[in-house]
Amino acid sequence: MRIQMSDSISSASAEPLHPATHDVPVPPLEGGLEDERRYVAVLYRRLDELRDEKHDQLTQVRSTGAVGTMQNISERDAFATMYEDRLAQLNAVDDRLVFGRLDLDGGECRYIGRIGLTTDDLQRLMIDWRAPEAGVFYQATAFERHGVRRRRHLMLRRREVQGIEDEVLDVDMLAEATENHGDGALLAALTARRTGQMGDIVATIQAEQDRIIRSEMPGVMVVQGGPGTGKTAVALHRAAYLLYGHRERLKSAGVLIVGPNPTFMSYIERVLPSLGETGVVMSSLADLYPGVHGVEEEDPRVAEIKGRLDMVDVVAAAVADRQRTIDEPRHVEVEGIRAKVTPAMIRRAQERARATGKPYNEARTTFVKVMVREIAEKVEKTLNKRSEGNEADRSYLTEDVRSSRDVRVLLNLCWMPRTPQHLLEDLFSKPEYLRRAAPQLDEAERELLRRAPGAPLTTSDVPLLDEAAELLGDLDDSAGREEARQQAERDKNLENAQKAVENAAPQLEEKGIEGFLDAEGVAAMNTETAGRLSAAEQAQVDRTWTYGHVVVDEAQELSAMQWHVLMRRCPLKSFTVVGDTAQGSSATAAASWAQAMEPFVGDRLRVEELTVNYRTPRRIVDLAERVARAHGLPITSLRTVRDGEHDPVVESVDADRLQASAAAAVDAEVERLGEGLVAAIVPEPMVEPLRRSLRGRYGDRVGEGAGSLAQDIVVLGADDAKGLEFDAVVVVEPAALLREAGGRIGSLYVALTRPTHALHVVAAEELPPGFAAAPDAD
């Protein structure tokens, strides 16, 4: 049962209401900056009122403690959960709460913001940007107005309106007095200095982006776009839109967002909260398996082998190889009695275990039970003979057999319990094991996969771990019984929660709680778990969790095995996949989306394309595209919004001066920018030396690791720069970057297209083809 609530934070799509209550100043049509400031102050006053109200309600609920019946406790938890979620949302949208206003043909005025707001008497103050009636803010043009006379952009810094920008769509309105004409909101956002954290584009979403964001959820949608087209922003805003439009379906299952590396995930982590969503699960490819963080694979050839889809068969063979028989009868001793175990007994027990269809470790339980029973019967016969037919109660024998050292050794030899980690360690550290499991690999490939016992797990091991876990199952012999007990307890909690929801609904509605309250959610809150995890937190620690929708960024880099794991995470195959096949640089990158997706969804995918580069100035794009084409990379030339102020600088230096010249180039860009984010993208061996050198100049302004984007000077390898953007970029030794990528041009193309203002290339080696025609000074 689900009960829809209403709230003064409106997320419904009812008919728009003109905010005309006596205490709400409505700016006149010709209103200017001061009028808008007064109205925005009203919106923030309402936000603060709601925040105080929810804080007081939460404090009151918490003060009651865990007292009363189970139903009372469930009701208290229901209130607490709703208030906590609402407070998290209200706190996250404080910065630039409102960003737009629509003046409509009928005289209505709509304000568009990060969430919906209404007065106590349900007069609408502001519409959530995801609501259907807000869509025209992004879709209306002078040729197709959708009833919009004027679109106004409100440019805020924190809570203060700094400026307004009008786009007049109705020609009859051009004659009316207004001094705010212009189209600078988008350009202002594009040229603003970067901070090291990705910002949302909710105020400046363009029509082609909005069409993709608001697309239907089911199926696999691929968003193909070149550098700077806003793929990542579109993907994140789509996740927020789907959570708004499909709240009931996605609330419990959740949305998973997957990115290429921890640096990228750190870069985007604040976007969704700023859009009013705080419960999404975000994970890099290295962290998809709970409790494991994969390190980078040093050899791209190894990553390519592990990324092949036929590794599914290799892992399955490795699991099956742990089931063995014996060549001849063996004797085991149980409390002084010897019993013979034959190969036929082992085979029969294994066949019965496999017939259960359970995963390896769980089927082993059946194998052990059958073997223990048969051995116990043999021991009992021997004892009966010795006691001349005296058939005493010998039920104790089963436990004696189970605890016999001989029996345990033999059963483990024939069916050893394994964890996924131990399975992979054996597979890659024992040549004979790998040879049996992977006959389809040649000797050279198997040698590449060899590594020492205890070696760290890599990002390309993560899908193999997941596959092994799926085939091995739970290692705990009592897992089935415990699972049944927990299910019975869940059923009981659900029954209590159902009654609690029915009792709580009228009170929640009276107190003004919006959203969906369901019995399943209350039951989950009432279950005693460590810290009572939210759905998102549970999903992060549960490998078997399945999501309602999955968003994959930089998807062109994924291997077939990584796709295999993600498809398991979302059996409904509801995906938003964003990337650019031209930027593929890993050994596992696919040449086309059809090639990447065909094994999993066939031709059941739709491809949308973004065609405008909003980030990179034309002067820099020209150089990047010239280099890409010189290496045979098939790219589509993009339209660019800005020409840019600076030509790219391409500088050749002596080899013994390379690091000093790279540091000097960073100095030049820092001085030229005055403020902003400067990145040096360099070959991996140079990352640490150059970082140390720059730290000697700039101290703590130079960042390090996944959190380095919080500083304004960073040094990164090409792979870590994927999906990021900087005000200025210094690309060092392009030829070496090409070699690191195995000759694939994608990484260099990515590096050259990261800047929003300036590009500086420093090289000691001969420059790769395509650079020659570039200017050598700005």
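These lines cover the structure that appears in this document, whether it is placed above or below. In this text the structure is predicted, and so the values were computed from the model without any measurement.

**Things to note about the overall build of the protein**
Part 1 of the argument: Tallying secondary structure elements over the protein gives 29 helices and 23 strands in all.
Part 2 of the argument: Across the 778 residues that make up the protein, the buried fraction comes to 54%.
Part 3 of the argument: Counting contacts in the protein only where the partners sit at least 6 residues apart, residues at least 24 apart contribute 74% of the total.
Part 4 of the argument: When the accessible surface of the protein is split by element, carbon and sulfur atoms take 49% of a total near 33,500 Å².

**Quick word on the sheet that holds strand β19 (residues 649-652)**
Within a sheet, adjacent strands bond to each other through the backbone by hydrogen bonds, running parallel or antiparallel.
Part 1 of the argument: Overall, parallel pairing links the 5 strands, which are arranged β19-β23-β22-β20-β21 in an open sheet. Unpaired on one side and paired on the other, β19 and β21 (713-716) mark the two borders of the sheet. Taking each pair of neighbouring strands and ignoring which way they run, the sheet shows an average axis angle of 15 degrees.
Part 2 of the argument: Bridge count for strand β20 (residues 678-681) against β21 is 4 bridges, and the pairing is parallel. Within β21, the residue paired with V678 across the bridge is I713.
Part 3 of the argument: Running over the sheet, helix α26 (residues 658-673) touches β20, β21, β22 (726-732) and β23 (755-763) and is turned about 160 degrees from β23.
Part 4 of the argument: Strands β20, β21 and β22 of the sheet are contacted by helix α27 (residues 684-698), whose axis makes an angle of about 165 degrees with β21.

**Structural notes on the packing of helix α16 (residues 420-429) against helix α19 (residues 462-472)**
Part 1 of the argument: Direction vectors running N to C along α16 and α19 enclose 120 degrees, while the axes themselves pass 9 Å from each other. The hand of the α16/α19 crossing is right-handed. Between α16 and α19, the residues in contact are P420, Q421, L423, L424 and F428 and L464, L465, A468, A469 and L472, respectively.

**Re unusual backbone geometry**
Part 1 of the argument: In this structure, R96 is a non-glycine residue whose phi angle is positive, near 55 degrees.
Part 2 of the argument: Its location among the elements puts R96 in the loop between α2 (70-92) and β2 (98-104).
Part 3 of the argument: Relative accessible area serves as the criterion here: at 31%, R96 is assigned to the partly exposed category.
Part 4 of the argument: Although it is not a glycine, E335 sits at a positive phi angle of roughly 50 degrees.

**Quick look at the environment of S693**
Part 1 of the argument: In this fold, S693 is placed in helix α27.
Part 2 of the argument: Its relative accessible area of 24% is what places S693 among the partly exposed residues.
Part 3 of the argument: Separated by 34 residues in sequence, S693 and Q659 place their C-alpha atoms 8.6 Å apart.
Part 4 of the argument: Look past the residues within four positions of S693 in its chain and what remains in contact with it is Q659 and A663.

**Section: α26**
Since there are 3.6 residues in each turn of an α-helix, residues three or four apart along the chain are aligned in direction.
Part 1 of the argument: Along its 16 residues, α26 runs 23 Å from first to last C-alpha, staying within 8% of the 22 Å computed at 1.5 Å per residue.
Part 2 of the argument: Buried within α26 are the following residues: L658, S661, A662, A663, A665, V666, E669, V670 and L673.
Part 3 of the argument: On its buried face, α26 is in contact with β20, α27, β21, β22 and β23.
Part 4 of the argument: The positive-phi residue at the C-terminal boundary of α26 is G674, with phi of around 80 degrees.

**Observations regarding the sheet that holds strand β10 (residues 281-284)**
Part 1 of the argument: The strand order β10-β9-β14-β15-β8-β16 describes an open sheet built from 6 strands, whose pairing is parallel. With partners counted over all chains shown, the strands left at the sheet margins are β10 and β16 (605-610), one partner each. Adjacent strand axes in the sheet meet at a mean angle of 15 degrees when their direction is disregarded.
Part 2 of the argument: With 4 bridges joining them, strand β9 (residues 255-259) and β10 adopt parallel strand pairing. Within β10, the position partnered with L256 by the bridge is V281.
Part 3 of the argument: Lying over the sheet, helix α23 (residues 560-569) contacts β9, β14 (549-552) and β15 (575-579), oriented at roughly 150 degrees with respect to β15.

**Structural notes on the packing of aromatic side chains**
Two aromatic rings, taken as a pair, are described by how far apart their centres are and by the angle between their planes.
Part 1 of the argument: Under the definition given, this model contains 6 aromatic pairs.
Part 2 of the argument: Ring centres of Y360 and W415 lie 5.5 Å apart, and the angle between their planes is 40 degrees; this geometry places the pair in the tilted category. With a gap of 55 residues between them, Y360 in helix α13 (residues 360-386) and W415 in the loop between α15 (405-414) and α16 connect regions that are remote in the sequence.
Part 3 of the argument: One aromatic cluster is present, built from ring pairs that chain together F99, F137 and Y138.
Part 4 of the argument: Over the ring of F428 we find K306; its NZ or CZ atom is 4.8 Å from the centre of that ring.

**Examining the packing of helix α11 (residues 311-320) against α19**
Part 1 of the argument: Relative to each other, α11 and α19 sit at 45 degrees, their axes nearing to 10 Å. In terms of axis orientation, α11 runs oblique to α19. Remark: the crossing between α11 and α19 carries right-handed chirality. Along its contact with α11, which presents M311, V312, V315, A316 and V319, the element α19 presents L464, E467, A468, L471 and L472.
Part 2 of the argument: The residue makeup of the contact of α11 with α19, split by class, is 9 nonpolar, no polar and 1 charged.

**Examining the pattern of salt bridges**
Part 1 of the argument: For the structure shown, the criterion picks out 58 salt bridges.
Part 2 of the argument: The residue D105 makes a salt bridge to R145 at a minimum N-O spacing of 3.0 Å. Residue D105 is found in the loop between β2 and β3 (109-113), and its partner R145 is found in the loop between α3 (136-139) and β6 (148-157); the two are separated by 40 residues along the sequence.
Part 3 of the argument: Ionic pairing is found between R436 and D321, a salt bridge with its closest N-O pair at 2.8 Å. With R436 in helix α17 (residues 431-437) and D321 in the loop between α11 and β11 (330-334), this pair connects stretches of sequence that are 115 residues apart.
Part 4 of the argument: Under the relative-accessibility criterion, R436 is labelled partly exposed at 43%.

What counts, and where the lines are drawn
- Positions within a chain are numbered from 1, following the residues in the order the chain's sequence is written.
- Reporting of local features is limited, given that this is a predicted model, to residues whose pLDDT is at least 70; pairs of side-chain atoms are given and counted only at 80 or more, and all residues count toward the totals for whole chains, interfaces and linings.
- With hydrogens and water set aside, each side-chain value is computed from the structure's full complement of heavy atoms.
- For the purposes of this entry, the term helix denotes a DSSP run of H or I that reaches at least four residues, the term strand denotes a run of E that reaches at least two, and both are numbered from the N terminus.
- Partly exposed residues are those whose accessible area sits between 20% and 50% of the maximum for their type, while under 20% is buried and over 50% is exposed, using a 1.4 Å probe and protein chains only.
- Contacts are residue-level and defined by heavy atoms, with any inter-residue pair within 4.5 Å sufficient.
- Each accessible area value is a Shrake-Rupley result obtained with a 1.4 Å probe; residue values ignore everything except the protein chains displayed when judging cover.
- By this definition, two strands are paired if DSSP reports at least two bridges between them.
- Note on definitions: angles span 0 to 180 degrees between N-to-C directions of axes, and those axes are lines fitted to C-alpha atoms, for helices only across the stretch in contact.
- We call a crossing left-handed when the near helix sits turned anticlockwise from the far one by less than a right angle, and right-handed when that turn is clockwise.
- To estimate the expected span of a helix, count its residues, drop one, and scale the result by 1.5 Å.
- Here is the rule: rings of Phe, Tyr and Trp (six-membered ring for Trp) pair when centre to centre is within 6.5 Å. Planes less than 30 degrees apart are stacked, more than 60 are edge-to-face, and the remainder are tilted.
- By the criterion adopted, a ring carries a charge over it if an Arg CZ or a Lys NZ lies within 6 Å of its centre and within 35 degrees of its normal.
- The scheme is simple: roughly parallel for angles under 35 degrees, roughly antiparallel for over 145, roughly perpendicular for 65 to 115, oblique for anything else.
- Charged means Asp, Glu, Lys or Arg here, nonpolar means Ala, Val, Leu, Ile, Met, Phe, Trp, Tyr, Cys or Pro, and polar covers whatever is left, Gly included.
- Salt bridge, as used here: a side-chain nitrogen of Lys or Arg that lies within 4 Å of a carboxyl oxygen of Asp or Glu.

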